[in-house]
Amino acid sequence: MRRMVLCVLLLVVSCRAAAPAPVNAELERSVSKLVLATFNLPPWVNVKITERTPSKEFPGFDKLSVVLSSGEQKQTREMLLSKDGKTLYTMTMMDLTRDPQAETMAKIDLQGRPVRGNKDAKVTVVVYDDYQCPYCSRMHQTLLKVLESYGDRIKVVYKDFPLTRIHPWAERAAIDSGCLAKYSGDAFWDFADYVHSHGGDLQNSKKPLEELDRIALESGKRHNADMAGLESCIREQPSEQLDQSIAEAEALGIDATPSVFVNGLKMNGAVPEEQLRMVLDKELQ
């Protein structure tokens, strides 16, 4: 369902109980037709008024609670109806004491994840990544370019969200990278760089899982990781951390990769470099 247009902005709202007014079928039909047409909603969306009460904030209007539903999906919107029943306004209440970006970042667990850039930077870029996704590889290359000029002012963190139904070796790559993250952040990024730049070779490999393990072990050796621990981790393929990352992504409404968050601002897909720089500059200001 499409987001409703903001017509009335409420800066301060205090709600008190008021006696509900009756909702007649004719009013509900009129509201339904108007809402469907105005917001170009499909005809199977059901529109129902669940409550009508006098508005304390806007004298001369009643407040309508309008429920839009389609199957299991449901949204409730508050609207204003003039006393003469001739004018309907939509409204969105906004609590200026909230910081929605901070609320989003609070839902993302960065503990133990390798950081690229300045670990103390005030701007955090979080990428939900799939090693077998070509668009993720494109996003990875864009971030490498951006880090050349923003490296001391931002930090980049990767979380895993492999789309296993269409990418058969993405889960293995995610777990292998998680093993590397446990023993060496540098080895983790070495692995990420290699896999994202050699995805075609892995696609053509007859044994991509063994190849991923080999790449991970070589990355660990290059960066002096604890090889006994790394080998054991890669052999056992623990999935707890990956499962948590997937659950976290789904709770954030992610259903595709890459998904990028800049200080909690969500961007979908392989974000063009110019657009990413615009968002970073805004957040740095």
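First, a word on scope: everything that follows refers to the structure included in this document. Just so you know, these numbers come straight off a predicted model, no measurement behind them. (Residues numbered from 1 in each chain as written. Predicted model: local features only at pLDDT ≥ 70, side-chain atom pairs only at ≥ 80, totals over all residues. Heavy atoms only, no water.)

## Remarks on the side chain of Ser55
Looking at where Ser55 falls in the secondary structure, it is placed in the loop between β2 (46-54) and β3 (61-70). Accessibility expressed as a relative area gives 10% for Ser55, which makes it buried. Leaving out residues up to four positions away in the same chain, Ser55 has contacts with Phe61, Asp62, Lys63 and Leu80. (Helix = DSSP H or I, 4+ residues; strand = E, 2+ residues; numbered from the N terminus. Buried < 20%, exposed > 50% of the residue type's maximum accessible area, 1.4 Å probe, protein only. Contact = heavy atoms within 4.5 Å.)

## Details of the sheet that holds strand β6 (residues 116-117)
What the 5 strands build is an open sheet, ordered β6-β8-β7-β9-β10; its pairing is mixed. In the strand order of this sheet, the two ends are held by β6 and β10 (265-268), each with one partner. Pairing analysis gives 2 bridges linking β6 to strand β8 (residues 154-160), with the strands arranged antiparallel. When the bridges of β8 are listed, Gly117 appears paired with Lys155. Strands β6, β7 (123-129), β8 and β9 (259-262) of the sheet are contacted by helix α3 (residues 134-150), whose axis makes an angle of about 160 degrees with β8. Sitting on the sheet, helix α5 (residues 185-197) is in contact with β6, β7 and β8, with an inclination near 70 degrees to β8. (Pairing = 2+ DSSP bridges. Axes fitted to C-alpha atoms, helices over the stretch in contact; angles between N-to-C directions.)

## Looking at the pairing of β3
The buried fraction of β3 is high, at 7 of 10 residues. Of the strand pairs in this sheet, β2 and β3 are connected by 8 bridges, and their pairing is antiparallel. Across the sheet, residue Pro54 finds its bridge partner in β3, namely Asp62. Where β2 hands over to β3, the hairpin turn is made up of 6 residues, of which Gly60 adopts a positive phi near 90 degrees. In this antiparallel pair of consecutive strands, β3 and strand β4 (residues 73-82), the connection spans 2 residues, and Gly71 shows a positive phi of 65 degrees.

## A few points about the packing of aromatic side chains
Scanning all chains against the criterion turns up 5 aromatic pairs. Both rings, one in Tyr128 and one in Phe261, keep their centres 5.9 Å apart while their planes meet at 75 degrees; by these two values the pair is edge-to-face. Within this pair, whereas Tyr128 is found in strand β7, its partner Phe261 is found in strand β9, the two being separated by 133 residues in sequence. Across this residue pair, the class does not change: Tyr128 and Phe261 are buried. Relative to Trp189, the ring of Tyr158 lies with its centre 5.1 Å away and its plane at 75 degrees, an arrangement referred to as edge-to-face. Linking Tyr158 in strand β8 with Trp189 in helix α5, this pair joins segments that are 31 residues apart in sequence. For the pair Tyr158 and Trp189, a shared accessibility class is recorded, and that class is buried. Put simply, the rings of Tyr158, Phe188 and Trp189 touch in pairs and so form one group of aromatic residues. (Phe/Tyr/Trp six-rings, centres within 6.5 Å; stacked < 30°, edge-to-face > 60°.)

## Here's the deal with the pairing of β7
The side chains of a regular strand alternate, residue by residue, between the two faces of the sheet. Along β7, 7 of the 7 residues are buried, which leaves the element largely enclosed by surrounding structure. What you see with β7 is no split at all: Val123, Val125, Val127 and Asp129 on one side and Thr124, Val126 and Tyr128 on the other are buried throughout. In this sheet, β8 lies alongside β7 in parallel orientation, the contact comprising 7 bridges. Following the sheet pairing, Val126 is matched in β8 by Val157. With respect to chirality, the unit in which β7 leads through α3 into the neighbouring parallel β8 is right-handed. For β7 and β9, the ladder comprises 4 bridges, and the chain directions are antiparallel. In the sheet register, Tyr128 faces β9, and the bridge partner there is Ser259. (Right-handed = clockwise from strand over helix to strand, strands pointing away.)

## Observations regarding the state of the cysteines
Scanning all chains against the criterion turns up 1 disulfide. Across a sulfur-sulfur distance of 2.1 Å, Cys179 and Cys233 are joined as a disulfide pair. Here the disulfide of Cys179 and Cys233 is left-handed, its torsion about the S-S bond being about -75 degrees. Of this pair, Cys179 sits in helix α4 (residues 170-183) while Cys233 sits in helix α8 (residues 227-236), placing them 54 residues apart in sequence. No difference in accessibility class separates Cys179 from Cys233, as the two residues are buried. Just so you know, Cys133 is unpaired, no disulfide at all, and the nearest cysteine sulfur is the one on Cys136, 3.3 Å from it. (Disulfide = S-S within 2.5 Å.)

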